[in-house]
Amino acid sequence: MTNKDMFEPRWSRRAAEVGTLPFTGGARLPLSLAYGLPDPELFPRAGFAAASARILSDPAASAAALQYGSIAGHPPLIEMLVERLAQTEGLHVSPANLLITHGSSGAIGLAARLLVDDGDVVLVEAPSFVGALSILRRSGAQLYTVPVVASGLDVAGTESVLQTLHRQGVQPKALYTMPTFHNPTGLTLSLDSRVALLEVARRYNLVIIEDDAYRDLYYDSAEGSLPDSLYALDEDGRVIRTGTFSKTLAPGLRLGWALARPEVIERMMLLKEEGGTVNIAQHLVAEFGRDGALDAQVQTLVEAYRPKRDAMLNALESYLPDEAAWTRPAGGFFVWVTLPPSIDPPELARCALEQGVDYMPGAICFPEPLQPGNPTYLRLAFSLLSPEEIVEAVKRLGKAMRQTLGSAK
Ligand SMILES: Cc1ncc(COP(=O)(O)O)c(C=O)c1O
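So, how was this worked out
- Residues numbered from 1 in each chain as written.
- Predicted model: local features only at pLDDT ≥ 70, side-chain atom pairs only at ≥ 80, totals over all residues.
- Heavy atoms only, no water.
- Helix = DSSP H or I, 4+ residues; strand = E, 2+ residues; numbered from the N terminus.
- Rg over C-alpha atoms; globule rule 2.2 N^0.38 Å.
- Buried < 20%, exposed > 50% of the residue type's maximum accessible area, 1.4 Å probe, protein only.
- Contact = heavy atoms within 4.5 Å.
- Areas by Shrake-Rupley, 256 points an atom, 1.4 Å probe, with all protein chains shown as cover.
- Lys, Arg positive; Asp, Glu negative; His and termini not counted.
- Charge placed at Lys NZ, Arg CZ, Asp CG, Glu CD.
- Pairing = 2+ DSSP bridges.
- Axes fitted to C-alpha atoms, helices over the stretch in contact; angles between N-to-C directions.
- Phe/Tyr/Trp six-rings, centres within 6.5 Å; stacked < 30°, edge-to-face > 60°.
- Core = buried A, V, L, I, M, F, W, Y, C linked by side-chain atoms within 4.5 Å.
- Near = heavy atom within 4 Å.
- Polar contact = N/O pair within 3.5 Å; in protein donor to acceptor, adjacent residues only side chain to side chain.
- Nonpolar A, V, L, I, M, F, W, Y, C, P; charged D, E, K, R; others polar.
- Salt bridge = Lys/Arg side-chain N within 4 Å of Asp/Glu carboxyl O.

**Quick notes on the overall build of the protein**
Now for step 1: For the protein, the helix and strand inventory stands at 15 helices and 14 strands.
Now for step 2: A compact globule built from 409 residues should have a C-alpha radius of gyration of about 22 Å, and the protein, at 22 Å, falls within 12% of that.
Now for step 3: Overall, the C-alpha framework of the protein stretches about 70 × 65 × 55 Å when taken along its three principal axes.
Now for step 4: Per-residue burial for the protein yields a buried fraction of 51% across its 409 residues.
Now for step 5: Considering only contacts within the protein whose residues lie at least 6 apart along the sequence, 74% involve residues at least 24 apart.
Now for step 6: Within the structure as shown, the protein displays about 18,500 Å² of accessible surface, and the carbon and sulfur contribution to it stands at 54%.
Now for step 7: Measuring between centres, the 36 positive side-chain charges of the protein sit 4 Å from its 47 negative side-chain charges.

**Description of the sheet that holds strand β5 (residues 152-153)**
Now for step 1: Spatial ordering of the open sheet is given by β2-β9-β8-β7-β6-β3-β4-β5, a layout of eight strands whose pairing is mixed. Strand pairing shows two members of the sheet lacking a second neighbour, β2 (98-102) and β5, which therefore form its edges.
Now for step 2: Where strand β6 (residues 174-177) and strand β7 (residues 208-211) come together, three bridges link them in parallel fashion. For L175, the partnering residue across the bridge sits in β7 and is I208.
Now for step 3: Sheet strands in contact with helix α5 (residues 75-89) are β2, β8 (239-244) and β9 (255-259), and its direction is about 110° off that of β2.
Now for step 4: Most of the contacts of helix α9 (residues 191-203) go to β7, to which it runs at about 155°, and overall it touches β5, β6, β7 and β8.

**Side note on the packing of aromatic side chains**
Now for step 1: Summed over the entire model, instances satisfying the criterion amount to eleven aromatic pairs.
Now for step 2: Between the aromatic rings of F333 and F334, the centroid separation amounts to 6.3 Å while the plane-to-plane angle is 75°, which identifies the pairing as edge-to-face. Across the pair, exposure class does not vary: F333 and F334 are buried alike.
Now for step 3: Each member of the aromatic cluster is reached from another via a ring pair, and the members are Y214, Y305, F333 and F334.

**Brief notes about the environment of M401**
Now for step 1: Tracing the backbone shows M401 in helix α15 (residues 387-408).
Now for step 2: Note on M401: relative accessible area 0%, which makes it buried.
Now for step 3: Along the chain, M401 and L230 lie 171 residues apart, while their C-alpha atoms are 38 Å from each other.
Now for step 4: When sequence neighbours within four positions are dropped, the list of residues in contact with M401 reads L320, P321, V337, L339, I343, L348 and L378.

**Focus on the nonpolar core**
Now for step 1: Residues F245 and L253 are the most contacted members of the largest nonpolar core, which totals 45 residues.
Now for step 2: The biggest single contributor to this core is α5, with six residues.
Now for step 3: Excluding anything up to four places from it in sequence, L253 contacts F48, F245, V278, A281, L284 and V285.
Now for step 4: Among the nonpolar cores identified, the runner-up in size contains 44 residues, and L217, A381, L397 and A400 belong to it.

**Examining the sheet that holds strand β13 (residues 360-361)**
Now for step 1: As summarised here, the arrangement of the four strands in space is β10-β11-β14-β13, forming an open sheet in which the pairing is antiparallel. Each of the sheet's edge strands pairs with one partner strand only, and the pair in question is β10 (325-326) and β13.
Now for step 2: Sheet topology note: the β13/strand β14 (residues 376-381) ladder contains two bridges and is antiparallel. The partner of M360 across the bridge, within β14, is R379.

**Observations regarding unusual backbone geometry**
Now for step 1: Omega for the bond connecting A126 with P127 falls within 30 degrees of zero, at 10°, which places this linkage in the cis form.
Now for step 2: Residue P184 is reached from N183 by a cis peptide bond, and omega for that bond is 20°.
Now for step 3: By the element assignment, P184 lies in the loop between β6 and α9.
Now for step 4: In the Ramachandran plot, F181 falls in the positive-phi region, its phi being about 50° despite a non-glycine side chain.
Now for step 5: Here F181 is to be found in the loop between β6 and α9.
Now for step 6: Using a relative accessible area of 1% as the deciding quantity, one classes F181 as buried.

**Brief notes about the site of the ligand**
Now for step 1: Lining the immediate surroundings of the ligand are 13 residues, of which S104, S105, D211, T244 and S246 lie closest.
Now for step 2: Within the side chain of D211, an N or O atom sits 2.6 Å from a nitrogen atom of the ligand.
Now for step 3: Within the contact set of the ligand, an oxygen atom lies 2.6 Å away from a side-chain nitrogen or oxygen of S246.
Now for step 4: Within the complex, 91% of the 400 Å² of free accessible area of the ligand lies under protein.
Now for step 5: Per element, the largest residue contribution to the shell around the ligand is three residues, and it comes from helix α6 (residues 103-115).
Now for step 6: Residue composition of the shell around the ligand, grouped by class: four nonpolar, six polar and three charged.

**Remarks on the pattern of salt bridges**
Now for step 1: Applying the stated criterion across every chain yields a total of 24 salt bridges.
Now for step 2: Between D310 and R309 there is a salt bridge whose closest N-O contact spans 2.8 Å.
Now for step 3: By relative accessible area, which is 28% here, D310 ends up partly exposed.
Now for step 4: Owing to a relative accessible area of 5%, R309 belongs among the buried residues under this scheme.

**What about the side chain of S62?**
Now for step 1: Along the chain, S62 falls in helix α4 (residues 59-66).
Now for step 2: A relative accessible area of 12% places S62 in the buried class.
Now for step 3: Setting aside chain neighbours within four positions, we find S62 in contact with I55 and L56.

See the structure below:
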């Protein structure tokens, strides 16, 4: 009997329908703009080395760090988050509002398992974060889209989707949205639109999952402060906000969190499968973050990623054909490029590969297949490469676009 004969007939419906991994998570080419990987040069190696030495050389500290941990999370780490939210956003929460999770992917997964039964409707932006789309799908959700326009999520469009669903007797379980430095578009929703979205959510009794992975990576703070999160603006407790240490410290920690009202946090905690999440990583981050090292790290990142963002925007201006348009993100990792429908996406990917550069094809960020006649989209990540490499990559991408446009004429 082969393994295939043994397992295939026994797969659960979920396992049989799970599809393929959306991407492998590694940069394939030296000049890859495809993946939003943090720059490894910016991992706080020295701080982690010192913090882990302090933990591991101390018998009591190491015994606690290497033991099973609390399901809610390591209390000093939760306390650190509580203090940081107060300091950086003026947002006052209690430890009971927080749950440490296996990355923010874990928090999104728990939110999905908390709310979604097979076939339940969840609203997502079009385009959205590919990872979250597959998490939501795997939870059994049926995804309906709300439009994203030049200013971010289209609140009026969202309301009309809700109206239509309401008329059909469908109550969506939640809206999953990234109002700040959206992945893949880089857009940030204005304060007015956030308030309007919450009003719509109140009218239609909609729960919101707010993915806030990139909030700390704000490059234009000299031009004004960021709008408050939906969680902070909400007065009804209808928002579950997710956060992560993946972008500010290191994704290999696999640590994130959920922020919500205590009864929601408690229920999510009961759904956690791993128990205490990567306890030693939690102890490491709490030890590292004593005395404000996390704020210093965020400052270092902002100073390092801003020139990369600027290098990309300037290079796009210099090297992309006139037919291209793109977003100008104030933070996060991504720029979203729009090209005319006459560009054939596979042909562009082939020409780009010939030039030794790749990107994430925008079509995979949409929950439904894009219809012919739609623009061609590309997501470009500026997080991983150096400013010089970014310029070279964009130059080559511009060449590939011109080639493809030339062959389309
Ligand atoms: C918008 C967004 N949310 C969540 C994640 C998941 O991050 P993690 O699970 O590492 O916290 C990512 C990672 O790319 C992301 O871009």
